[in-house]
Structure formats: structure tokens, C-alpha cells
Amino acid sequence: MTILNPNRFRAHLNSTLARFIATSSPINEIRAPRLAEELRRKIGSLDFVKGPYVETLPDFEKGKSLSGLRDEGALSGPWQSLERNSPGLWTRPLHTHQEQAIRRDENYLVATGTGSGKTESFLYPMIEEILSQGDLGRPGVRAILVYPLNALANDQLGRIAQLLFRDLGNPGITLGRYTGQVKSRATRDEEITRLRSSPSFVEAFGEDADVPKNWLLSRAEMRATPPHILITNYAMLEHILLLPTNRQLLAGADLRRIVLDEIHTYAGAQAIEVAFLLRRLKAHLELPDGQLRCVGTSASLDPKRKGELADFASRLFGEPFLGERAVITAKRMPHPSLKRPSSPSGLSPQHWAQAAQLAEIAREATQNDTPLTIEDWNFEAEQLGLQQLSLNDGASVGDALISQLSGFEEVQHLTHLLEGGAIAMSVIASNLFPDSDDTAVPALVGLISIGVLAVSTHAHVFPLLPARYHLISRAPDRTAITLKAGERDNLGEVVIGAEKGSDDRPAYELFVCRNCGEPYIEAWEGPTSLEPTAGAGLRRLLRLVPGGVAAE
């Protein structure tokens, strides 16, 4: 089965779910043979999977690179190390919202989507501020990053360590994570052993790399020489303020910045607790109003409600957020080459359907570590009768595809259709190929399969068609049966999701014993009969038995 055909996968997933549900609580076929047969048939006819839907996620509007910001003086000297250690990061254009954050000298919220680089939106300006302060030989917390979950803190710890100790060449900033996952009595050597066995550490630093001394690992060393950047969660931050032993972490602190990641999680009573905690922190450190830079990030904030978000942040942090301008949002942009004039590709729907084979050949070659050259691609295209997909010279197949496909009318039409969000594949297919009937969906699959390969070897170049499929699976609704005297097993029909059958008989919810497969129905005593839904009467769980009698 090809992973490029979502319709086949949907059918496979649907049948797999149907088999699983039918067998997870099987009805005893000796006690209720007809019910077991009818339930299997009914479940087999259900759609457990909706879709596929198609969505495209264009890249974000671009701004200057870190190199460009350094040249204009917005970043200090140590950033130049990126040119040697991570040239791609050094020259790659930042998203516009990341550049905006670097230039901000005020409190702000980052309300951008998943995968938009929210971490860099607070990380770059935070590091720049610490570098500008100087005196890095002096220990003391200068920035606190608060995460709602340890898993998030662990993930971000690795990214920040990689930037500080690999990409920036260890400029002297110290880093520490103080959460419950750092054992109170663990030594640095024990933590080094655990860290070096981590796949993420090996991937970032190499198998034989030493752990930098500025990466503080044990609680003891963090208390003795508090890190410049402290990663924690709000529960542990409270412990730091409460317990004298942990309070040593704040000795010599020169706190200038605090970040609340996933700020939308702080709601209701928890928001009140965190608000009081932040005020206690400022009181403990005797911080005057306005000294602390406050940042909140979330992919779940509504960018259309900027004023409300800024007001919420002001009350949460106890520091001013200056209205709508305090909320940084992001804008996605289609690939620039899609603005060029378009013309029909010359490919029929049948040809586009066949193009999925070409995409599959390219995918398999890449998986085998033998990616197609442009010459290989053109040979395969001609073998399949797809000369319109033959490519001119380029840096790679992906770059050449960007140049070729961006002028196709079908590709530009598809991009326009997807500007409003995810759409059912069948709807898009009928719009793109209105006279193709059964060929429309396979043609769309082929078009998307080729389009997603149009990715440049240069990381700063937008993908042409960053499309993805969505399938939505669900459990079956309420499963019930109607009763009918004289029928086999006294069964009328199996009903899914309704309280009455097709003949208006009451449908009683079905339960099955996981041990023996005995079927039961749920009912409530009513004025004149047993009702299928809860009422004022007593609940009854009835076992179906032969002979037209139900036993409680």
C-alpha cells in the first residue's frame, strides 16, 4: 500500500477499526446468534473514518536573517559564531514575527500557530539581553522560563542547549533545569551519564561529546552557582520561593525576563495561583514595576482578540501589556513563484492520476538513499508518458519542480482553493477536474503527490505546495437494539446512535459482558413500560434470555 494514496489508507483504516470494534466485546454466538450476526453486519457498514481532507500550510512571511540583524547592530558580537558553527541558521531569513520579537523592548505575547517558531521568538531576544548585560562570569538567574509540563521543559531544554553550547560556541551563558525530574540527591556525574545516553543529546552533540560545564545538571550545583537561564514549572517555582534550601537558587539574581510558555493553560483558579506566584517572586527579589520583561506564548490564542489577550496578560503578569500592539501574530504566505502567470499543464486527469506512480518512484529512491537526479526523473517521466513533467536544469529535482509546477494552472487553482483552510478531497477534485467523474480524485492524488516533492534544497526557500491530508476517526455512537416478539432472539434491529428504531420502537442501549459475551440492555422504569433513556424511575440492566423473557 502506498502512503501517497489517502483513500486506500482510509478504506484500510475503516475496515481495521470495524474488525477491532466487532471483536473487542464479542457477543456470545451460542446465546444470541442473530444479535451477534446483525451487530457484525451493522458495524461493518459504518464509516468510522471521515475524509480525507486536504490542508496546505504555506510558510510564514519572512524578515531579515540573524546575519542581517547583526550587520545593522540589532544583535551583539557573539552571534557571529553562528557563521562558523551553523551557517544555515545564520543566513536563513527569520519569520517576520521572530524579527519583531527581537526588536521589541516591551512586554509581548506571541500568538502564532503550531510550528511557527514561537520558541525562537522569546529565545533570541532573551539571549541577546543576557549577552548585552555582560559580566557572564557572575552567577545569578537573569531569565526564568516556566513550562506547564515537564515534557515541554525537557524538549525545550535540548533546543536551548543546542543553540547555546553548539551553535553559539558556548559564549558563557549558564543553563539549568530545576524540575521534579532532576532528583534532589543526584550528582552531576550521574546526570551526565543519563544525559549522554539520550538520543537527542547524541544527535545534537555527537557520541563522544562532553557536556559543557555551563550546562548545570544537578540541583546542588544550581544552588551553589545559580544559572543565568532557569527552566522550571510553576509548581517548582513555588517550591523555590517557599523552601530555604531551594531559595538559594535566587541568590544574586538579576532577573530581567520571565516567559510563560503555553500561556493559555493558565485559566481559572490556576491563573489566579500563577498571578499571585509571579507577584511573590517580584516581591522576594524586590523588583520595581517595569524592570521585568514578560513574554507569553501559545498556539491556541485567538489573534482576533488582541485587546482581550493583552488585558489578560497584564493581569496575569502584573505588568503592563500595551493593548493590541503587544500581541505578535503571524501571516502565512503562498510561494512567491505562484504569482506568475499560469497556463494549463497539458496533462489530462488520467495523466495526473498516473503521475502518482512517478512520485512513488521518487519517494522510494529517497528512502533507499539514492534520490533521483533530474536526468533520472526525466527518464521515468518519459517512460510513463508524462513529458509535461520533464524538468529543466536546477539545483535538485525539488528546485526544478518548483520552477516547472508553479506555472501550471492546476497547481495555482489548488493553492487558491486551499487558502481558506482544509477541504474535503472529493470537493477539491470535483472543482479541479469537473468533467472527470471517477478519475477526479485519483488525479488530485497524483497532483498533490508531485506537488509535495517541490521542496528546495535551500532551507530558506518556501515549499511550493506544503499540503497534508487529514483523516478523522471516531468511535461508534450509542449502540442499541429494538425488541420484537416472535423474531429470532426477540431482536427487532440493531440501531446506532438513535433512541428509536426505523419502525419507531424504543431502542435500548446494548452492553456486553467482556468475560462471557452475554448481551444485556439498559432500561429505566417508566409509568407504563421500560424506557430507553434515563427518567425518574429505577435503572434496570436486563439480560436477554430465550423464551421472550428478560431477566434482571
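The structure contained in this document is the topic of the report that follows. Quick caveat: nothing in here was measured; it's all calculated off a predicted structure.

**Quick look at the overall build of the chain**
The helix and strand tally for the chain stands at 21 helices and 20 strands. Its C-alpha atoms put the chain at 90 × 70 × 50 Å along the principal axes. Taking all 552 residues of the chain together, the buried fraction comes to 47%. For the chain, contacts bridging at least 24 residues in sequence account for 69% of all contacts bridging at least 6.

**Side note on the sheet that holds strand β13 (residues 467-473)**
The strand order across the open sheet built from three strands is β12-β1-β13, with neighbouring strands paired in antiparallel fashion. What marks the edges here is a single partner per strand, and that holds for β12 (423-424) and β13. Inspection of the sheet shows strand β1 (residues 49-56) paired to β12 by two bridges, in the antiparallel sense. If you follow V54 over to β12, its bridge partner there is I423.

**Quick notes on the pairing of strand β17 (residues 519-525)**
Where burial is concerned, most of β17 is hidden: five out of the seven residues are buried. Where strand β16 (residues 508-512) and β17 come together, three bridges link them in antiparallel fashion. By the bridge assignment for β17, L510 is matched with I521. Joining the antiparallel neighbours β16 and β17 is a turn of six residues, in which G517 adopts a positive phi near 80 degrees. Pairing geometry for β17 and strand β18 (residues 530-531), over two bridges, is antiparallel. Among the inter-strand pairings, W524 is bridged to a residue of β18, identified as E531. The turn joining β17 and β18, which pair antiparallel and follow one another in sequence, is formed by four residues.

**Side note on the packing of aromatic side chains**
Counted by the stated rule, this structure contains eight aromatic pairs. Their ring planes at 85 degrees and their centres at 6.0 Å tell us that Y234 and Y266 sit as a pair that is edge-to-face. Placement of Y234 in helix α12 (residues 234-242) and of Y266 in the loop between β9 (257-260) and α14 (268-285) is noted, with a sequence separation of 32 residues between them. Each member of the pair, Y234 together with Y266, is buried. Three or more aromatic residues joined by ring pairs make a cluster, and in this case those are F165, F201, F205 and W215. Just above the ring of Y178 sits the side chain of R219; from NZ or CZ to the centre is 5.1 Å.

**Quick notes on the packing of helix α19 (residues 409-417) against helix α21 (residues 440-451)**
Two quantities define a packed helix pair, namely the angle between the helix axes and the distance between the axes. At their nearest, the axes of α19 and α21 sit 11 Å apart, and the two run at 95 degrees to each other. By the angle between their axes, α19 is roughly perpendicular relative to α21. On α21, the residues touching E410, V411 and L414 of α19 are L444, L447 and I448.

**Describing the pattern of salt bridges**
In the structure shown here, the tally under the stated rule is 30 salt bridges. The closest approach of N and O atoms between K62 and D59, which form a salt bridge, is 3.3 Å. Using a relative accessible area of 25% as the deciding quantity, one classes K62 as partly exposed. The exposure class of D59 is buried, given its relative accessible area of 16%.

**Re the sheet that holds strand β10 (residues 293-297)**
A sheet is described by the order of its strands in space; here eight strands give the open sequence β7-β6-β8-β5-β9-β10-β4-β11, paired in parallel fashion. If you trace the sheet from one side to the other, it starts and ends with β7 (215-216) and β11 (327-328), each paired once. Bridge analysis of strand β4 (residues 108-110) against β11 gives two bridges, and the strand direction is parallel. Paired with L109 across the bridge in β11 is V327.

**Details of the environment of E382**
Secondary-structure assignment places E382 in helix α17 (residues 374-383). Sequence spacing of E382 and G134 is 248 residues, and the spatial spacing of their C-alpha atoms is 62 Å.

**Points about the nonpolar core**
Nonpolar side chains in soluble globular proteins generally cluster together in the buried interior. Counting 47 residues, the largest nonpolar core has L66, W79, I127, L145, L164, L175 and W215 as the members making the most contacts within it. The residues touching L145, leaving out its near neighbours within four places in the chain, are F122, M126, I160, I229, L230, I231, T232 and V259. One finds W377, L401, L414 and A443 within the second-largest nonpolar core, a separate group that totals 42 residues.

**Quick word on the packing of helix α16 (residues 349-367) against α17**
With their axes 10 Å apart at the nearest point, α16 and α17 run at an angle of 150 degrees to one another. In this structure, the crossing between α16 and α17 has a hand that is right-handed. Packed against α16, whose contacting residues are L358, I361 and A362, the element α17 presents W377, E380 and A381 at the interface. Considering only residue class, the contact of α16 with α17 consists of five nonpolar, no polar and one charged.

Calculation rules
Once a new chain begins, its residue numbering starts again from 1 and follows that chain's sequence as written. Restriction of local features to residues with pLDDT of at least 70 applies here, the model being predicted, together with a cutoff of 80 or more for giving and counting side-chain atom pairs; totals for whole chains, interfaces and linings are based on all residues. Side-chain calculation: all heavy atoms of the structure are included, whereas hydrogens and water are not. Helix numbering and strand numbering both begin at the N terminus, where a helix is a DSSP run of H or I of at least 4 residues and a strand a DSSP run of E of at least 2. For every residue, the accessible area (1.4 Å probe, protein chains only) is compared with the maximum for its type, and the residue is labelled buried under 20%, exposed over 50%, or partly exposed between those bounds. Contact between two residues is taken to exist if any of their heavy atoms lie within 4.5 Å; hydrogens are not considered. For two strands to count as paired, DSSP must find a minimum of two bridges between them. Planes of paired rings set the category: under 30 degrees apart is stacked, over 60 is edge-to-face and the rest tilted, where pairs are Phe, Tyr or Trp rings (Trp by its six-membered ring) whose centres lie within 6.5 Å. Charge-over-ring placement is defined geometrically: NZ (Lys) or CZ (Arg) within 6 Å of the ring centre, and within 35 degrees of the ring normal. The convention used is that axes are lines fitted to C-alpha atoms, helices contributing only their stretch in contact, and that angles between N-to-C directions extend from 0 to 180 degrees. Any angle that falls under 35 degrees is termed roughly parallel, while one over 145 is termed roughly antiparallel, one within 65 to 115 roughly perpendicular, and all others oblique. When a carboxyl oxygen of Asp or Glu lies within 4 Å of a side-chain nitrogen of Lys or Arg, that pair is called a salt bridge. Take the buried Ala, Val, Leu, Ile, Met, Phe, Trp, Tyr and Cys residues and link them wherever side-chain atoms come within 4.5 Å; each set so joined is a nonpolar core. Two helices that cross are described as forming a left-handed crossing if the nearer one is turned anticlockwise from the farther one by less than a right angle, and a right-handed crossing if clockwise. Any residue that is not Ala, Val, Leu, Ile, Met, Phe, Trp, Tyr, Cys, Pro, Asp, Glu, Lys or Arg is counted as polar, Gly included; the first ten are nonpolar and the last four charged.

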